[in-house]
Amino acid sequence: MGKSTVFHALTGLAPLAGQSDGRNRARPGQIKVADERLDFLERTYGSKKRVEVELTVLDFAPNPKEQKEGAALDPSLLPLIRDLDALLIVIPEFAGKQAALPGALNAIEAELVFADLDQAERRLERLTKERNPASEFERATLQRCVKWLEEGKPLRSLELAAQELAVFASFGLLSRKPALVVVNCDAERAGAAPAADAAAAAAAHGMELFSLAAAFEAELWELDAEGQRELLSAAGLSAPARDRLVTALYRALGLITFYTAGEPEAHAWPLTCGASALEAAGRIHSDIARGFIRAEVVSYADFAALRSDAKVREAGKLRLEGRDYVIRDGDIIHVRFKV
Ligand SMILES: Nc1nc2c(ncn2[C@@H]2O[C@H](COP(=O)(O)OP(=O)(O)O)[C@@H](O)[C@H]2O)c(=O)[nH]1
Ligand SMILES: [Mg+2]
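Computed from a prediction, not measured in an experiment: that's the story for all the values here. (Residues numbered from 1 in each chain as written. Chains lettered and ligands numbered in written order. Predicted model: local features only at pLDDT ≥ 70, side-chain atom pairs only at ≥ 80, totals over all residues. Heavy atoms only, no water.)

Visitor: How would you sum up the overall build of the protein? Please name residues and give values.
Guide: Counting its secondary structure elements, the protein contains 15 helices and 11 strands. When the backbone C-alpha atoms are referred to their principal axes, the protein occupies close to 65 × 60 × 40 Å. In the protein, which comprises 339 residues, the share counted as buried stands at 44%. Element-wise, carbon and sulfur atoms account for 52% of the exposed surface of the protein, whose accessible area totals about 17,900 Å². Of the side-chain charges in the protein, 43 are positive and 50 negative, and the distance between the mean point of each set is 5 Å. (Helix = DSSP H or I, 4+ residues; strand = E, 2+ residues; numbered from the N terminus. Buried < 20%, exposed > 50% of the residue type's maximum accessible area, 1.4 Å probe, protein only. Areas by Shrake-Rupley, 256 points an atom, 1.4 Å probe, with all protein chains shown as cover. Lys, Arg positive; Asp, Glu negative; His and termini not counted. Charge placed at Lys NZ, Arg CZ, Asp CG, Glu CD.)

Visitor: Before we move on, can you summarise the environment of Arg-189 with the specific residues and values?
Guide: Structurally, Arg-189 can be placed in helix H7 (residues 187–190). Residues Arg-189 and Gly-236 lie 47 residues apart in sequence; the distance between their C-alpha atoms is 9.8 Å.

Visitor: Tell me about the site of ligand 1, residues and numbers included.
Guide: Around ligand 1, a shell composed of Met-1, Gly-2, Lys-3, Ser-4, Thr-5, Phe-94, Asn-184, Ala-214 and Ala-215 is seen. A distance of 2.8 Å separates an oxygen atom of ligand 1 from a polar side-chain atom of Lys-3. In the model, an oxygen atom of ligand 1 is placed 3.2 Å from a nitrogen or oxygen of the Ala-215 main chain. Within the complex, 60% of the 580 Å² of free accessible area of ligand 1 lies under protein. At the level of elements, helix H1 (3–11) and helix H9 (214–220) are the ones that each hand at least two residues to the shell around ligand 1. Of the residues forming the shell around ligand 1, the biggest block, 3 residues, is contributed by H1. Tallied by class, residues from the shell around ligand 1 come to 4 nonpolar, 4 polar and 1 charged. (Near = heavy atom within 4 Å. Polar contact = N/O pair within 3.5 Å; in protein donor to acceptor, adjacent residues only side chain to side chain. Nonpolar A, V, L, I, M, F, W, Y, C, P; charged D, E, K, R; others polar.)

Visitor: Describe the nonpolar core, naming the residues involved and giving the relevant values.
Guide: Generally speaking, soluble globular proteins have nonpolar side chains that are buried together. Counting 34 residues, the largest nonpolar core has Leu-41, Leu-212, Leu-245 and Phe-303 as the members making the most contacts within it. Going through the elements one at a time, H1, helix H2 (36–45), strand E3 (54–60), strand E5 (179–185), strand E6 (208–212), helix H11 (241–253), strand E8 (265–272) and helix H14 (300–306) are the ones with two or more residues in this core. In terms of residues, this core owes the most to one element, H11, which gives 6 residues. Composition of this core by domain shows at least three residues from each of domain 1 (3–32 + 56–99 + 177–253) and domain 2 (274–337). Setting aside residues up to four positions removed in sequence, Leu-41 forms contacts with Ser-47, Tyr-259, Ala-261, Ala-266, Tyr-300, Phe-303 and Ile-332. Leu-77, Ile-81, Val-181 and Ala-202 belong to the second largest nonpolar core, which has 30 residues in total. (Core = buried A, V, L, I, M, F, W, Y, C linked by side-chain atoms within 4.5 Å. Domains from an automatic or database assignment. Contact = heavy atoms within 4.5 Å.)

Visitor: Run through helix H8 (residues 196–204), naming residues and quoting values.
Guide: The α-helix winds at 3.6 residues per turn, so residues separated by three or four positions along the chain end up facing the same way. Among all positions in H8, only Ala-198, Ala-201 and Ala-202 are buried. One side of H8 holds all its buried residues, which, seen down the axis, span an arc of 95°. Among the exposed residues of H8, those oriented more than 90 degrees off its buried face are Ala-196, Asp-197, Ala-203 and Ala-204. Looking one or two places after H8, you find Gly-206, whose phi comes out positive at around 75°. (Arc of directions from axis to C-beta.)

Visitor: Report on the packing of helix H4 (residues 101–130) against helix H5 (residues 136–150), specifying residues and quantitative values.
Guide: In the contact formed by H4 and H5, the axes pass within 9 Å of each other and the chain directions differ by 150°. Judged by the twist between their axes, the crossing of H4 over H5 is left-handed. Residues Val-113, Asp-116, Leu-117, Ala-120, Glu-121, Arg-123, Leu-124, Leu-127 and Thr-128 of H4 touch H5, and the partners they reach there are Glu-138, Arg-139, Leu-142, Gln-143, Val-146, Leu-149 and Glu-150. Partitioned by chemical class, the residues of the contact of H4 with H5 number 8 nonpolar, 2 polar and 6 charged. (Axes fitted to C-alpha atoms, helices over the stretch in contact; angles between N-to-C directions. Left-handed = near helix turned anticlockwise from the far one by under 90°.)

Visitor: I'd like a description of the sheet that holds E6, backed by residues and values.
Guide: If you trace the 3 strands from one edge of the open sheet to the other, you get E4-E5-E6, paired in parallel fashion. Both edges of this open sheet fall to strand E4 (87–93) and E6, since each of them pairs with a single strand only. Neighbour-to-neighbour, the strand axes of this sheet turn through a mean angle of 25°, independent of strand direction. Pairing analysis gives 7 bridges linking E4 to E5, with the strands arranged parallel. Directly across from Ile-89, in E5, lies its bridge partner Val-181. (Pairing = 2+ DSSP bridges.)

By themselves, these are just geometric observations and shouldn't be taken as functional.
Pasting the structure below:
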């Protein structure tokens, strides 16, 4: 309970009338990622256009007809959830409502584990029937996972080698997805540290715990920037919860941000931590990756200190990097390419 209110708080999209009729099963909304570094680049270059990172959130409305009595998840939603990068698990703790967090988490995790077990078992059965020697490795990997899942444990906590993970690339395993527990609480408690037992329960599932006063945060959208600041500081908060949530999501997903910036456009791009200059180029455009010659890179800290391309060059802070260079958080890059 409280999922749509959390969605409202994060995206500014108010609940739709009639959303419970089962038609709007997965409603998408965007979180525009607040980014002071991008603000600075836009100002300094006088960029005509600004493109911030956007994360898409989906608000799921279970269909009461599909939801089994007492089940934590409507099973007809599972196929929709498979395509997502991360899960936000909303636990209500507002206005005297107090779901026991460890129990609620266990119930949801059990559904994820069960769905994965079902999928892995079916695939294993097929492979066993086919008896193709080429799928021996896949079979062994699946067997290992089935055993783990049968013990009720999520795949999140199973160590898998890269080669084993590749077996599941197309599965969209649910119990391995990064997940954040969002405790939807009253505004007075949003700034406080979470209860120790709740934090321990989340950690035991390999999840980060996050407090958010959804109804309060949803109200912020009604106000201008000044009004928002006042209301937040009255509640003892320095920034809207979505900013903190984005940081937690970046952590859970292993993401960093790099930038391209100039007079036409200041652009923030999300990238998997450890990705190369070539992969960053591919993020911008496949042609730029195909014709990659080199990347000109300056760190955000150096640019922020020097404030212009000319000074960056003069100070010898512009680096020429090849395709294998590992992009760091905050790098501002310009890719030279030829197609
Ligand atoms: N006071 C208060 N009420 C809330 C909060 N979050 C949700 N609610 C109420 O709880 C009910 C269910 O919330 P909703 O977000 O629609 O839950 P959903 O079914 O999980 O999407 C609605 O009446 C909301 O107004 C909150 O943070 N504080
Ligand atoms: Mg809802």
